[in-house]
Amino acid sequence: MDYPELIPQLYRQEYSKMVSLLCNRFGIDQMDAAEDIVSVTFLSAAETWGLKGVPDNPVAWLYRVARNNALNGLKHDKVFRQRVKGELVKRSAGSVEPELDLSPRHITDSQLRMLFAVCHPSLPTEAQVSLALRVLCGFTIDEIAQALLTTKANINKRLYRAKEKLRLEGVRLELPDLPALDARLDAVLLTLYLLFNEGYYSASPSAVLRKDLCLEAMRLVYLLTEHYGGGAEAERGVEVGGKVRPDVYSLLALMCFQASRFDARFNDAGDMVLYEQQDSSRWDEELIHRGNYFFVQACAQSVPSRYHFEAAIAWWHTQQADSREKWENILQLYNRLLILEYSPIAALNRAYAFARVYGKEKAIVEVEGLQLSGNLFYHSLLGELYRGVDDRKAIDHFDKAQALAGTAAEKAVIADKIAVCRQARKA
């Protein structure tokens, strides 16, 4: 892979690890400095690799340069040196050299510490999620604003206030005990859920599906199961720690079920393939099997969460038979999900299931009642429902959806539907 493609990929994979590692070493109050060090490191990679070529071990190169940049900061940045020195001396018996433990276990531990630190109860939930998406998941300000349906200005203010609050509270990168850890878990799970969704339904203009984000979210949720005493050990029947909360398992099951259809979402030419036209032989049976395992673990305990219902809906989508029973069950699950926690997107998805059970004309009334005129999926769904009922209205909604589509792949799918509707009108 050439360095222009490799650097963004490594940024997604390593940014959060590097920031977490530096904050674990220097203290969370040095988060801005850690982010600056990592950003400078990737800029150095872009410049150096373009001239000299990609090193044999690019990840090791990044961590080595980040370590050197931190050392330079200690030598030449008086403010950074004064703030960090006491922390380094306290942790390292007098040493102020920023030696970094780069073992996989320590990197993982640093990420978990960071995950729960930024989800500190002193912060409002929206600030916890925004901060975690930025420093742990490596989202840009634009991506966070899109994921949380707000503006860049609001996100910048939210991040600044959250970092200041953590400094004032003296929050340290330490894993709390299980009761305190449980209190922060809702924000942690929401963050990882949003991360997965950003990858699965990417707002990026260049990609509808970003597997790297989805896989990173799955990896972090799996780390939670391991920390609680589940994960691989639980699959082997080994009891090694606390009890995994059921919504952790159900979120991991949801991600496995969704990820199982990655390869079927695009054909060999790179064109999007809608669910109804997917080749089920390209579904990943191993991921479905793993999702089944985690979902059974989730259902073994009471108190269902939104992730339980979404995982159950995703499980039905892994069933190849297109039966009435399938769509009736999906509809009922959406009904229960909306009672538990309403969202416009869930309501739109429910309307599609409603159409599969009760027909297009009844579903049109359901969808139009939502009044989501600025939403791509709203107009796409209405266009689909009006096809064969009123093709003129179908074209109108597809035109609006195409104007709202953010990627070339989405626009191409909608253009095909418009062409079919126009052909139907001529017939």
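Structural notes, computed from the coordinates. (Residues numbered from 1 in each chain as written. Predicted model: local features only at pLDDT ≥ 70, side-chain atom pairs only at ≥ 80, totals over all residues. Heavy atoms only, no water.)

### Some details on the overall build of the protein chain
Just so we agree on the cut-off: A run of H or I in DSSP becomes a helix once it reaches four residues, and a run of E becomes a strand once it reaches two; helices and strands are each numbered from the N terminus. Summary of the burial criterion: residues with accessible area below 20% of their type's maximum are buried, those above 50% are exposed, and those between are partly exposed, where the area comes from a 1.4 Å probe applied to protein chains only. Contact definition: two residues touch when any of their heavy atoms are within 4.5 Å.
Of the regular secondary structure elements, the protein chain holds 21 helices and 0 strands. When each of the 427 residues of the protein chain is scored for burial, the buried share is 50%. Within the protein chain, contacts between residues separated by at least 24 positions form 64% of all contacts whose residues are at least 6 apart in sequence.

### Some details on empty space enclosed by the protein
Keep this limit in mind: Grid points spaced at 1 Å and placed over the protein atoms alone form the basis of the search, with a cavity being a set where a 1.4 Å probe fits but cannot get out and a pocket an open set showing protein on both sides within 12 Å along at least five of seven lines. Lining residues have an atom within 4 Å of a point. Grid points are joined across faces, edges and corners, and a volume is the space filled by probe spheres set on the points. Charged residues are taken to be Asp, Glu, Lys and Arg, nonpolar residues to be Ala, Val, Leu, Ile, Met, Phe, Trp, Tyr, Cys and Pro, and polar residues to be all remaining types, Gly included.
Across all of its chains, the model carries 1 cavity of 30 Å³ or more by this definition. As for the largest cavity, its lining consists of Ile28, Asp29, Met31, Lys163, Leu166 and Arg167. At 3 residues, the largest contribution of residues to the lining of the largest cavity is made by helix H8 (residues 152–169). When grouped by side-chain class, the residues that make up the lining of the largest cavity number 3 nonpolar, no polar and 3 charged.

### Some remarks on the nonpolar core
Operational definition: Residues grouped as a nonpolar core are buried Ala, Val, Leu, Ile, Met, Phe, Trp, Tyr and Cys residues, joined through side-chain atoms within 4.5 Å.
Formed by 131 residues in total, the largest nonpolar core has its most connected members in Met31, Met114, Leu131 and Leu224. When near neighbours in sequence (up to four residues on either side) are disregarded, Met114 contacts Val19, Ser20, Cys23, Ile28, Met31, Val135, Leu136 and Leu173.

### Considering the packing of aromatic side chains
To keep it simple, the criterion reads: We call Phe, Tyr and Trp rings a pair once their centres come within 6.5 Å, taking the six-membered ring for Trp, and we label the pair stacked below 30 degrees between planes, edge-to-face above 60, and tilted otherwise.
With the rule as written, the count across this model stands at 14 aromatic pairs. For the pair Tyr222 and Phe294, a centre-to-centre distance of 6.3 Å together with 75° between the ring planes defines the contact as edge-to-face. Of this pair, Tyr222 sits in helix H11 (residues 211–228) while Phe294 sits in helix H14 (residues 285–299), and the two are 72 residues apart along the sequence. Of the two residues examined, Tyr222 and Phe294, each falls in the buried class. Arranged with centres 5.5 Å apart and planes meeting at 80°, the rings of Trp327 and Tyr352 form a pair that is edge-to-face.

### Some details on the pattern of salt bridges
Opposite charge on two side chains makes pairing possible when the charged atoms of those side chains draw close. The following threshold applies: Salt bridges are identified by distance alone: a Lys or Arg side-chain nitrogen within 4 Å of an Asp or Glu carboxyl oxygen.
Within the structure shown, the criterion is met by 21 salt bridges. Close ionic contact of Glu366 with Arg350 constitutes a salt bridge, the shortest N to O distance being 2.8 Å. Of this pair, Glu366 sits in helix H18 (residues 360–368) while Arg350 is found in helix H17 (residues 344–358), placing the two residues 16 residues apart along the sequence. For Glu366, a relative accessible area of 32% corresponds to the partly exposed category. On the basis of relative accessibility, which here comes to 16%, the residue Arg350 falls in the buried class. The partner of Arg387 in a salt bridge is Glu384, and the shortest N-O contact between them spans 3.5 Å. Judged by relative accessible area, which is 23%, Arg387 ranks as partly exposed.

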